[in-house]
Amino acid sequence: MSVVDSAVERVADSPVVSRDDLPLLLVLPGLFVFLAFMLFPVLYLVYLSFTNAEPATLFQGKEQWVGLANYVTVLSDGQFWNSMGVTWLFVATSVALKVLVGLGVGLVVTGKRVRGKRFMRALIIVPLGLPGIFTITIWRGIFSSAEFGLANQFLRTAGLGSVAWLSDRWMAFLAYNVTEAWLAYPFMVIITVSALQDVSEELHEAAMIDGAGFFARFLHVTLPSIKRPVLFASILTAAASFQQFLIPYVFNQGGPSRTNELLIVYGYREAFRFQKYGEGAAIMLVAVAVIGVFMMLNVKKGQLADGVDDA
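Computed from a prediction, not measured in an experiment: that's the story for all the values here. Here the residue numbers are simple positions, counted from 1 along each chain's written sequence. For a predicted model such as this one, the threshold for reporting local features is a pLDDT of at least 70, and the threshold for listing and counting side-chain atom pairs is 80 or more; totals across whole chains, interfaces and linings nevertheless cover every residue. Heavy atoms from the whole structure form the basis of all side-chain values; hydrogens and water molecules are not counted.

Engineer: I'd love a proper account of the layout of surface pockets, names of residues and values included.
Structural biologist: Using a probe with the size of a water molecule, rolled over the atoms, empty space left in the structure can be pinpointed. The space that makes up the largest pocket amounts to roughly 670 Å³. Cavity means a closed set of points on a 1 Å grid over the protein atoms alone, one where a 1.4 Å probe fits but cannot get out, pocket means an open set with protein on both sides within 12 Å along at least 5 of 7 lines, and lining means a residue has an atom within 4 Å of a point. In this structure, the largest pocket is lined by 17 residues; those nearest its centre are T110, G111, K112, E201 and H204. If you list the elements that add at least two residues to the lining of the largest pocket, you get α8 (169-197), α9 (201-209) and α10 (214-242). Residue type decides the class: Asp, Glu, Lys and Arg count as charged, Ala, Val, Leu, Ile, Met, Phe, Trp, Tyr, Cys and Pro as nonpolar, and the leftover types, Gly among them, as polar. Classifying every residue of the lining of the largest pocket gives six nonpolar, five polar and six charged. Grid points are joined across faces, edges and corners, and a volume is the space filled by probe spheres set on the points. Each helix is a run of DSSP H or I of at least 4 residues and each strand a run of E of at least 2, with the numbering of both proceeding from the N terminus.

Engineer: Describe the packing of aromatic side chains, naming the residues involved and giving the relevant values.
Structural biologist: Pairing of aromatic rings covers Phe, Tyr and Trp, the last through its six-membered ring, and needs centres within 6.5 Å; plane angles under 30 degrees mean stacked, over 60 mean edge-to-face, and all others mean tilted. Tallied over the entire structure, the rule returns 21 aromatic pairs. Taken together, a centroid distance of 4.9 Å and an interplanar angle of 80° make the contact between F80 and W81 edge-to-face. By relative accessible area, W81 is classed as partly exposed at 48%. Among the aromatic residues, those joined into a cluster by ring pairs are F40, Y44, Y47, F50, W65 and Y71. The classification of residues rests on relative accessible area computed with a 1.4 Å probe and restricted to protein chains. Under 20% of the type maximum is buried, over 50% is exposed, and intermediate values are partly exposed.

Engineer: Run through the pattern of salt bridges, naming residues and quoting values.
Structural biologist: Within this document, salt bridges are pairs made up of a side-chain nitrogen of Lys or Arg and a carboxyl oxygen of Asp or Glu, the two lying within 4 Å of each other. Scanning the entire structure with this criterion turns up four salt bridges. Across the salt bridge formed by R269 and E261, the nearest N and O atoms sit 2.3 Å from each other. The class for E261 is buried, based on a relative accessible area of 0%. A cluster of three or more residues bridged by salt bridges with shared partners is formed by R258, E261, R269 and E270.

Engineer: Describe the side chain of Q244, and please don't skip the residues or the numbers.
Structural biologist: As for its position among the elements, Q244 is in the loop between α10 and α11 (246-252). For Q244, a relative accessible area of 11% puts it in the buried group. Side-chain atoms alone can form a polar contact between residues adjacent in sequence; in general such a contact is a pair of N or O atoms within 3.5 Å, and within protein one must be able to donate a hydrogen while the other accepts it. A polar atom in the side chain of Q244 sits 2.7 Å from the side chain of E180. Working rule for contacts: check all heavy atoms of both residues, and any pair within 4.5 Å makes them a contact. If near-sequence neighbours (up to four positions away) are discounted, Q244 is found in contact with F90, E180, L262 and I264.

Written as structure tokens, this is what we have:
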């Protein structure tokens, strides 16, 4: 018997601790670590959102309790609502783009007539192995407003003029979407390919016998079969898009003139640029609440939790 087993037996035989309490006792160390590294920061963030905390007062107990004043200030700020609207627009457009790219690439790498599918699948996941900040910096160079920017060189080759990508609101927004799609498409492809491989061949054969073409089979056989996995992946990637910070911040800090300032960038600016930690905490908590409600509603509406034991 090992030392650990002997210790467990001694604890179990102790008159203070019964065998029924032993499982709880064993998980206490892990629970303590969870509380120290997860719950405490969240609770402290909630506390800060009700104070006028600044760098000079943080962790010193000198901040003053202001109640809901930070939330009132944030919700009455026009920049907050602009950031909220731009963020949801970014979520909608980026998720749609990622789903389309994921479906397209997934259909290619699972096609029966496509050769080199193993090599293609290995190549697809390369972006997952690259540091996000490195990839985003490369894409920022691609969308440079200068003449030597790769996107502008491509436009000139096609006979079009150069574009001030990061100085124009909607061009910068388009650049955000393309970069986000590049970062997230491997995840969508992995989920889509896994779902496509589970589609029944018998259903496709039956549809072909009935005279259904490729698009008819895709709409009436493939899509219904992969709907739930793709919806689940879409919800996860939507949450990631809602929390996107690096792309707008590295590209042009949510510009021009804060017009593309996503919600997390807005909260970061309020906290660290304007040194309003209380308002920044309130913004982050509002973001957490919004994305939490969004995910719960989509999971419930998409019936993704069906079959899970609620007992």
